[in-house]
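# Chains, contacts and geometry: an overview
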Amino acid sequence: MSDLLRRILFLPEAASSLAPRVDRLHFFIIITTFIVGAGIGLTGLTFLVRYRRGRVDGPAPAMSAPRWMEAAFAGVPLSFFLLWGALGFEDYVWARTPPREAMDVYVTGKQWMWKFAYPDGPGMVGVLHVPTGTPVRLLLTSRDVIHSFYVPAFRVKMDALPGRYTEVWFEAVRPGRYRVLCAEYCGLDHSRMRAEVVVLEPEAFETWRARQLSEPTWVTSEGAAEEEVLGPLAREGRVVAARQGCLQCHTLDGTPHIGPTWLGLYGREEPLASGGSVRADVAYLTESMMDPLAKVVAGYAPVMPSYHGRLSAADVGALIEFIKSLHPERPEPPPVQEPDYGPLPR
Ligand code: CUA
């Protein structure tokens, strides 16, 4: 039934757990509006024929309707709008709330390609591998202009904004290859800013991942080519932290210094100088780098400079992954050779 409707309405196939929910609401709205529209059209047609010129003599008939009918004219459409709103809101909340156990993937839009990076491993351009039956949370950002990550078969669309992270999640239900498009006009090759999601059975995904971790390579799809290779993000974050001088104010061992320690910071509830508190999540950490004085943690001086324009989107993702990895119960990420970058840029 749904598949037939999908074909009649030219909808793409439904390959995520969100797709049937979106489609159900879509079908419901289409069918109810079609029925109401047909009723109005037929009534109009009947009146057109019945009251056509020449048939009725004398003055134009005076029209009046009983109160209940007027109320029904306003009330019935209104209740449909409210019903659609309520049904849509439920799906909206569901679609906007990633499950706790979701697997994270960082997505960076860039003129004109999509880059994907797993927190613990390989990064690639143009192809995202995910397992079936596992919720995947995408943390999206852009390096240049606004893009929009769109997977029609998953009914997933989310803007990727420079200097900010947005998130969206999905759970693929069927192995296969699905098209990714950019749904925000972003320049000359906007229409060619494509990628694909390769959905694998969980075992096949694990095999793929193990192979990627042992020999990281860039996989590219048509239209996308990239020169660099991303190492594990957290390690890269450590290098970024050293290069940008973050560690001159933030310690990694739990001692408060000029700024809060990064040890165990991720996910912690921090009291704010202005009252209230904030959870140190991806959104807060990003904001603190771009607009540090917006929310200053209580007990610290408001001295942190903005890193807007100094950190690329990839740097921000790497730093967050590094901070995330600093949990007291988790081992520290392996040390890396930190090159001497000279004095802190002013
Ligand atoms: Cu990127 Cu359009």
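Residues numbered from 1 in each chain as written. Predicted model: local features only at pLDDT ≥ 70, side-chain atom pairs only at ≥ 80, totals over all residues.

Under the annotation held in an unreviewed UniProt entry, the chain carries the name cytochrome-c oxidase and is attributed to Pseudomyxococcus hansupus. For the record of the chain, the UniProt heading Function (unreviewed entry) holds the text "Subunits I and II form the functional core of the enzyme complex. Electrons originating in cytochrome c are transferred via heme a and Cu(A) to the binuclear center formed by heme a3 and Cu(B)." The UniProt entry for the chain carries this comment under Sequence similarities (unreviewed entry): "Belongs to the cytochrome c oxidase subunit 2 family." (UniProt positions renumbered as here; feature names shortened; annotations may be inferred.)

Attention shifts here to the environment of Leu25. Within the fold, Leu25 resides in helix α2 (residues 19–50). Judged by the 16 C-beta atoms lying within 10 Å of it, Leu25 is partly exposed. In this structure, the C-alpha to C-alpha distance between Leu25 and Gly88, residues 63 residues apart in sequence, is 6.9 Å. Those residues within four positions of Leu25 in sequence are excluded, and the remaining contacts are Leu87, Gly88 and Asp91. (Helix = DSSP H or I, 4+ residues; strand = E, 2+ residues; numbered from the N terminus. Buried ≥ 20, exposed ≤ 12 C-beta atoms within 10 Å, placed from the backbone. Contact = placed C-beta atoms within 7 Å.)

Attention shifts here to the UniProt feature "transmembrane region" (unreviewed entry) in the chain. Mapped onto this numbering, the UniProt entry annotates "transmembrane region" (unreviewed entry) at residues 25–48 and 68–89. Between the C-alpha atoms that bound residues 25–48 there is a distance of 34 Å. The span itself is 100% helix and 0% strand. For the annotated span residues 68–89, helix accounts for 100% and strand for 0% of the residues, and the straight-line distance between the end C-alpha atoms is 30 Å.

On to the sheet that holds strand β1 (residues 103–110). Here we have five strands laid out as an open sheet, ordered β3-β2-β1-β5-β8, and mixed in their pairing. The two strands at the open ends of the sheet, each matched to only one other strand, are β3 (123–125) and β8 (166–171). Along the sheet, successive strands turn relative to each other by an average axial angle of 25 degrees, direction set aside. Alignment of β1 against strand β2 (residues 113–117), held across five bridges, turns out to be antiparallel. In the strand pairing of β2, Gly109 is matched with Trp114. (Pairing = 2+ DSSP bridges. Axes fitted to C-alpha atoms, helices over the stretch in contact; angles between N-to-C directions.)

The topology assignment puts Thr286 in helix α6 (residues 282–290). For Thr286 and Tyr165, which are 121 residues apart along the polypeptide, the C-alpha to C-alpha distance reads 7.3 Å. When sequence neighbours within four positions are dropped, the list of residues in contact with Thr286 reads Arg164, Tyr165 and Val316.

Let us look at the pairing of strand β7 (residues 156–160). In the sheet, strand β6 (residues 147–151) pairs with β7 via five bridges, with the strands oriented antiparallel. Bridging from a neighbouring strand, Val151 pairs with Val156 of β7. Where β6 hands over to β7, the hairpin turn is made up of four residues, of which Arg155 adopts a positive phi near 60 degrees.

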